[in-house]
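# Examination of the molecular architecture
Below, each chain spelled out in residue letters.
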Amino acid sequence: MTIYTSVLFVHTIAVLALTAGLTVEAWMLFQLRRASSLGEVRSCTAPVPALTVASISSLVIVYVTGAYLTESLRGWELAWPRFAVLEVVLFVVLGVLTGRRLRAIRKLCNRVGEKESELKARLQSPLLKILLNIRIWIVIGTVLLMAAKPGFDESLSIVVASVLLGWVSSLVTLGRWGVSSTGSVSHGL
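These notes cover the structure that comes with them.

### Some remarks on the packing of aromatic side chains
Counted under the stated rule, the structure contains one aromatic pair. Ring geometry for phenylalanine 83 against phenylalanine 152: centres 5.2 Å apart, planes inclined by 65°, an arrangement best described as edge-to-face. With phenylalanine 83 in helix 4 (residues 79–110) and phenylalanine 152 in helix 7 (residues 152–169), this pair connects stretches of sequence that are 69 residues apart. Among the residues examined, phenylalanine 83 registers a relative accessible area of 9% and is labelled buried. Positioned above the aromatic ring of phenylalanine 91 is the side chain of arginine 135, whose terminal nitrogen or guanidinium carbon lies 5.6 Å from the ring centre.

### Comments concerning helix 7
Between its first and last C-alpha, helix 7 extends 25 Å over 18 residues, near the 26 Å set by a 1.5 Å rise per residue. When helix 7 is considered as a whole, its buried residues turn out to be Ser155, Ile158, Val159, Ser162 and Gly166. Buried residues of helix 7, viewed axially, fall in a sector of 95°; they line one side. Where helix 7 is buried, its residues contact helix 4 and helix 6 (127–148).

Rules and cut-offs
Every residue gets a number counted from 1 within its own chain, in the order that chain's sequence is written. The predicted nature of this model means local features are confined to residues of pLDDT at least 70 and side-chain atom pairs, given and counted, to a pLDDT of 80 or more, with totals for whole chains, interfaces and linings taken over all residues. Side-chain figures throughout are based on the complete set of non-hydrogen atoms in the structure, without hydrogens or water. Side-chain rings of Phe, Tyr and Trp (the six-membered ring for Trp) are treated as a pair once their centres are within 6.5 Å; stacked means planes under 30 degrees apart, edge-to-face means over 60, and tilted covers the remaining angles. Put simply, DSSP H or I for four residues or longer makes a helix, DSSP E for two residues or longer makes a strand, and each gets a number counted from the N terminus. Buried means the residue's accessible area, taken with a 1.4 Å probe over protein chains only, is under 20% of the maximum for its type, while exposed means over 50%, and partly exposed covers the values in between. Cation placement over rings: the criterion is NZ of Lys or CZ of Arg within 6 Å of the ring centroid and within 35° of the ring normal. Expected span of a helix: the number of residues minus one, times 1.5 Å. Within this analysis, the arc is defined by the directions that extend from the helix axis to the C-beta atoms. Note on definitions: a residue-residue contact is assigned when non-hydrogen atoms from the two residues lie within 4.5 Å.

Given below as structure tokens:
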């Protein structure tokens, strides 16, 4: 096994770990929407610290190994690696926004008496679903960039389409998981 194939293997595992983190986040958000008590909200948000560490670690590994792989192929003069980096940056920015909102929900659970209406509003907000869907589509777009290795115009189209498809897919309602759902947290919430 060469260094290149070893780095490619690590890169692939990091992408899989990142995808697993998105899956856990999707499950967590689905459960938050269905939470009927403060205890359920607390248990749903319990994975947030570990998920944050795992996601940041995976992203750093994806970026570093991706940069190495691109450099090994002398690919920086091509458009698609630059757009892949742009998608990683977009992923990070949206991930930071998500993390802040989830940490705020966790803090509000500890002070629910005085912040009950704010907690309800945060649980009912569609923003977490929108941010998650866009990040999922960013991963899909980045894989497409790596597979197709398109030129500038096509790379730009893939990035824009990834963001738009993420946003549009967040409008799809699946049971109570949709944008129009109101959530139903009881127990004094």
